[in-house]
Amino acid sequence: MTPFNADHAPPVTLNIRGKKRLFDIDDPDLPKWVEEISFSADHYPYTKPLDKKKYKSDLKKLHIELVKLQYWQEATGKRIICVFEGRDAAGKCGSIKAMRENLSPRRARIVALPKPSDREQGQWYFQRYVAHLPTAGELVLFDRSWYNRAGVEPVMGLCTDEETKSFLREVPSFESALTRDGIMVFKYWLAIGRETQLKRFHDRRHDPRKIWKLSPMDIAALDKWEAYTAARDRMLKACHTKSAPWTVIRMNDKKRGRLNLLRHFLNHIDYDGKDEDAIGRVDKAIVIPGDEYSED
């Protein structure tokens, strides 16, 4: 059983770097042009995934540091927000899981809000997110966030251009208010290449264990890559601030991406018992400041 009817997923003609390509997500055979470049898309700097044994070893060290961080938060009352944004299939859920899986759920909370209710649509746009901000000693991980108004909503016609412009004007002040009140704000944009996304969508379509991850919205967005790119660039330009900067994590290889995201996060907090050697340095080819990122 699938979450959408096959009739809703017709083949689409995509413009891939100036070439017209036919992509049929219902065809069980992944096109060769997708397979050949799915890992290296967007000039990804590595040719093969990180070794699994190395990944697990490094992840264990980082998880120990995250536990230390949580003890420090509980002792100091420090409040932290992590915003996870990115294209569909970029690896948001897996990155959130990697950060939270060994933390107490009482102190590390995931927020993944559904579409707004009729009541919420009549509220100040940020209002429903304010209700989920962290209390003392809490880490809140937003699986998508208020930045829906800068990405999926304008691209899919769910808000007006004026509403998006208003949001982009207001969000720096909103986030500045959070940081002035002592909340630490981390914003991560997870970046993948176009062929990487197509392969992951195809994998989801044909793996019964993953099919739940594929939505009609994903299918509708197949030919909107350029529109999402333009929306992302506008968002990064308007909302990358000193108090709440964007950090881009390249996620063609999920293992490298997760490790480097956690390293970046831990390296930017001074908590008790911090082991910088265990954390390690971020890979600057994977972790890029939001005001420096480009797919070109």
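Described below are features of the structure shown in this document. (Residues numbered from 1 in each chain as written. Predicted model: local features only at pLDDT ≥ 70, side-chain atom pairs only at ≥ 80, totals over all residues. Heavy atoms only, no water.)

### A closer look at the packing of helix α3 (residues 92-100) against helix α11 (residues 254-267)
Phase 1 of the analysis: The contact between α3 and α11 brings their axes to 10 Å, and the two run at 55°. When the axis of α3 is compared with that of α11, the two are oblique. For the element pair α3 and α11, the recorded crossing hand is right-handed. Across the interface between the two elements, G94, S95, A98 and M99 from α3 touch R258, L261, L262 and F265 from α11. (Axes fitted to C-alpha atoms, helices over the stretch in contact; angles between N-to-C directions. Helix = DSSP H or I, 4+ residues; strand = E, 2+ residues; numbered from the N terminus. Parallel < 35°, antiparallel > 145°, perpendicular 65-115°, else oblique. Left-handed = near helix turned anticlockwise from the far one by under 90°. Contact = heavy atoms within 4.5 Å.)

### Observations concerning the environment of A227
Phase 1 of the analysis: Note that A227 resides in helix α10 (residues 225-239).
Phase 2 of the analysis: Separated by 21 residues in sequence, A227 and H206 place their C-alpha atoms 27 Å apart.

### Side note on the environment of P45
Phase 1 of the analysis: Mapped onto the secondary structure, P45 falls in the loop between α1 (32-35) and α2 (52-76).
Phase 2 of the analysis: The spatial distance from the C-alpha of P45 to the C-alpha of N252 is 9.7 Å, given a sequence separation of 207 residues.
Phase 3 of the analysis: Every residue in contact with P45, bar those within four places of it in the chain, is listed here: R250, A285 and I286.

### Focus: the packing of α2 against α11
If you want to describe how two helices pack, look at the angle between their axes and the distance between the axes.
Phase 1 of the analysis: It is at 10 Å that the axes of α2 and α11 come closest, and there the two elements cross at 25°. On the basis of their axis angle, the class for α2 and α11 is roughly parallel. When you trace α2 past α11, the crossing you get is left-handed. Within the contact between the two elements, α2 uses K52, Y55, D58, L59, L62, E65, L66 and L69 and α11 uses K255, R258, L259, L262, R263, F265 and L266.

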